[in-house]
Amino acid sequence: MFIKSLELQDYRNYDSLSMEFHDGINILYGDNAQGKTNILEAIYISGTTKSHRGSKDKEIIKLGKDQAHIRTFVERDNVQHKIDMHLKKNKPKGVAIDGIPIKKSSELFGILNLIFFSPEDLSIIKNGPSERRRFIDLELCQLDKVYLHNLSNYNKVITQRNNLLKQISFNNQLMDTLSIWDIQLVKYGTEVMKRRDLFLRQLNEIVYHIHSKLSGGKEELFIKYEPNVNVEEYSKKLSNSVSRDVAQKITSVGPHRDDICFLIGSIDIRKFGSQGQQRTSALSLKLAELELVKNMTHDNPVLLLDDVLSELDRKRQNYLLNSIHDIQTIITCTGLEEFIANRLNYDNIYKVVNGTVTNEDS
C-alpha cells in the first residue's frame, strides 16, 4: 500500500494544501514550526481517526474556522481508495471511504496501515508506563478490530465504574450495582490482556534478531509483558479491591495499569540501562513493529518518520534507512545535510515554509 496524494483544508496552519507522494522515500524539510509534522499528523488521522499527539478535533481546526477537511488517496493491491475526514469543532468527525460514510471507525482500519516514529518514541523505555501501553494500543487497534472493540468497551466500563465509585461516597446504597460493572470489566479486560500478551510474544520473536544486529551481536533484547493482574486472578483481585477503590474513587486493578519490561540479559534497562541502550532498544522495537505489521497484513505499511534521523548516529541512521528501502516513507527534517553527507537515496523533496509546500523535484 502507499499514499498517492493528500489534500488539506483549514487544517492547523494550512488554508489549503494538495500534494502528491512518491511510493518510495519522501522528504519534507524546513525550519521548525512551519507545518511539517502537521502533514504527518493528518495522514495518521486518515488511517486511525486519531492524532498521534492526542489532540482533539477542535484543536486541529485552523484558528477562526469551524471545520477542517482531510482527503487521503491510497492505493492498495492496485485498487485506489479515497478517505475523507470532516473535522468539526463541536460534533464528532465525519468519515467516508470512497464517498460512503462509515458509522464505526473500525470500518476504516485495514485500508491504510501506518507506523509513526518520532523522537518521543526513543524515550518510550525510560518514560512512564502509559506511553508503553499506548504503543501497544495504537498498533493493535489498527491490526485487530476485535481488540479495538474490547479495548473501547473496557475504557467505557472503566469510566462508568469510576463515576459510580465517586457516587458511592454520597450514596452507599449504590454499592450493590458495582458488581454489574465488574462483570463487564473482567470480560473485556481479560480479552485485552490476552491479546497484548500474544502481540508482545510475536514482537519478541522479531526484536531479538534486530537488536542483535544493531548492537553488533553484543546484546540480546527481550520484551516482557507485565500485566497488572493475572487473568486467572482478575475477578478475585477486583472484588478484593472494592474497599480501596471506593476510598480512592478510582479503579486500581486491571489492564489500564499494565506495563512492559525491556531486558538485556537480566538487566531491566528501564531502570539500569544507559541512554544509548534505551534508544537503541526503542529503535529495535519500532523496526520490529514494522516487520510484524508486514507479516500480519502481508503488505507494507506506510512509515512516518518525524525528525527522527537527527536523533540517531550515522550507524543507526543507515540501519533504519536500509530497513525501509521497500516501504513508502515520509520523513520530516530541518535540513538535507544528513542525506547529502550519507549519500542517502530519496525520491521526492518538499520544502515547507509557513504552511506552504513546494515540490523541489517538479
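Counting from 1, residues in each chain are numbered in the order their sequence is written. The predicted nature of this model means local features are confined to residues of pLDDT at least 70 and side-chain atom pairs, given and counted, to a pLDDT of 80 or more, with totals for whole chains, interfaces and linings taken over all residues. As a convention, hydrogens and water are excluded, and side-chain values are obtained from all of the structure's heavy atoms.

## Looking at the layout of surface pockets
Using the following cut-off: Definitions used throughout: a 1 Å grid over protein atoms alone; a cavity as a set of points that fits a 1.4 Å probe which cannot get out; a pocket as an open set with protein on both sides within 12 Å along at least five of seven lines; a lining residue as one with an atom within 4 Å of a point. Grid points are joined across faces, edges and corners, and a volume is the space filled by probe spheres set on the points. Strands are runs of DSSP state E lasting at least 2 residues, helices are runs of H or I lasting at least 4, and numbering of each runs from the N terminus. Charged residues are taken to be Asp, Glu, Lys and Arg, nonpolar residues to be Ala, Val, Leu, Ile, Met, Phe, Trp, Tyr, Cys and Pro, and polar residues to be all remaining types, Gly included.
Roughly 950 Å³ of volume is contained in the largest pocket. If you go around the largest pocket, you meet 33 residues; those closest to its centre are Thr48, Thr49, Lys50, Leu148 and Asn155. Looking at the lining of the largest pocket, the elements with two or more residues in it are helix H1 (36–48), helix H2 (57–60), helix H3 (129–143), helix H4 (145–168) and helix H5 (178–214). Per-element accounting of the lining of the largest pocket gives the leading share, seven residues, to H3. Across the lining of the largest pocket, the residue classes break down as 12 nonpolar, 11 polar and 10 charged. Here the second largest pocket is characterised by a volume of approximately 610 Å³. At the level of secondary structure, the elements contributing two or more residues to the lining of the second largest pocket comprise H1, strand S8 (114–117), H3, helix H9 (275–297) and strand S13 (329–333). When residues of the lining of the second largest pocket are assigned to their parent elements, the largest contribution, six residues, is made by H3.

## Brief notes about the sheet that holds strand S15 (residues 356–359)
The following threshold applies: Strands are labelled as partners when DSSP assigns at least two bridges between them. Every axis corresponds to a line fitted to the C-alpha atoms, with the helix fit spanning only the stretch in contact, and the corresponding angles, defined between N-to-C directions, vary from 0 to 180 degrees.
If you trace the six strands from one edge of the open sheet to the other, you get S8-S12-S13-S3-S14-S15, paired in mixed fashion. Two strands in the sheet have a free side with no partner beyond their single neighbour: S8 and S15. In this sheet, adjacent strand axes meet at a mean angle of 20° when their direction is disregarded. Two strands pair when backbone bridges link them, and S8 and strand S12 (residues 302–306) are joined in this way by four bridges, in the parallel orientation. Note that in S12 the partner of phenylalanine 117 across the bridge is leucine 305.

## What to know about empty space enclosed by the protein
Applying the stated criterion across every chain yields a total of one cavity of 30 Å³ or more. Estimated volume of the largest cavity: approximately 40 Å³. Every residue lining the largest cavity is listed: Ile115, Phe117, Lys286, Leu287, Leu290, Leu303, Leu305 and Leu320. If you list the elements that add at least two residues to the lining of the largest cavity, you get S8, H9 and S12. If you tally residues by element for the lining of the largest cavity, the top one is H9, at three residues. A breakdown of the residues in the lining of the largest cavity according to their chemical character gives seven nonpolar, no polar and one charged.

## Focus on the packing of aromatic side chains
Here is the rule: Aromatic rings from Phe, Tyr and Trp, taking only the six-membered ring of Trp, are treated as a pair when their centres fall within 6.5 Å; an angle between ring planes under 30 degrees marks them as stacked, one over 60 as edge-to-face, and anything in between as tilted. Exposure categories follow from relative accessible area, calculated using a 1.4 Å probe and restricted to protein chains: below 20% of the type maximum is buried, above 50% is exposed, and the middle band is partly exposed.
Applying the stated rule across the entire model yields three aromatic pairs. Between phenylalanine 135 and phenylalanine 199 the ring centres are 6.3 Å apart and the planes differ by 50°, which places this aromatic pair in the tilted class. Placement of the pair is phenylalanine 135 in helix H3 and phenylalanine 199 in helix H5, with a sequence separation of 64 residues. Both residues of the pair, phenylalanine 135 and phenylalanine 199, count as buried.

## Description of the packing of H3 against H9
To describe two helices that pack against each other, one gives the angle between their axes and the distance between the axes. Put simply, the test is: Working rule for angles: under 35 degrees goes down as roughly parallel, over 145 as roughly antiparallel, 65 to 115 as roughly perpendicular, anything else as oblique. The hand of a helix crossing depends on one turn: near helix anticlockwise from the far one by less than a right angle means left-handed, and clockwise means right-handed. Residue contacts are defined here by distance: any two heavy atoms, one from each residue, within 4.5 Å place the two residues in contact.
Contact pair H3 / H9: the axes reach a minimum separation of 11 Å and the direction vectors enclose 15°. The angle between H3 and H9 places the two elements in the roughly parallel class. Judged by the twist between their axes, the crossing of H3 over H9 is right-handed. Residues Phe135, Glu139 and Leu143 of H3 form the contact with H9, whose participating residues are Leu285, Lys286, Glu289, Val293, Met296 and Thr297. Looking at side-chain class alone, the contact of H3 with H9 contains five nonpolar, one polar and three charged residues.

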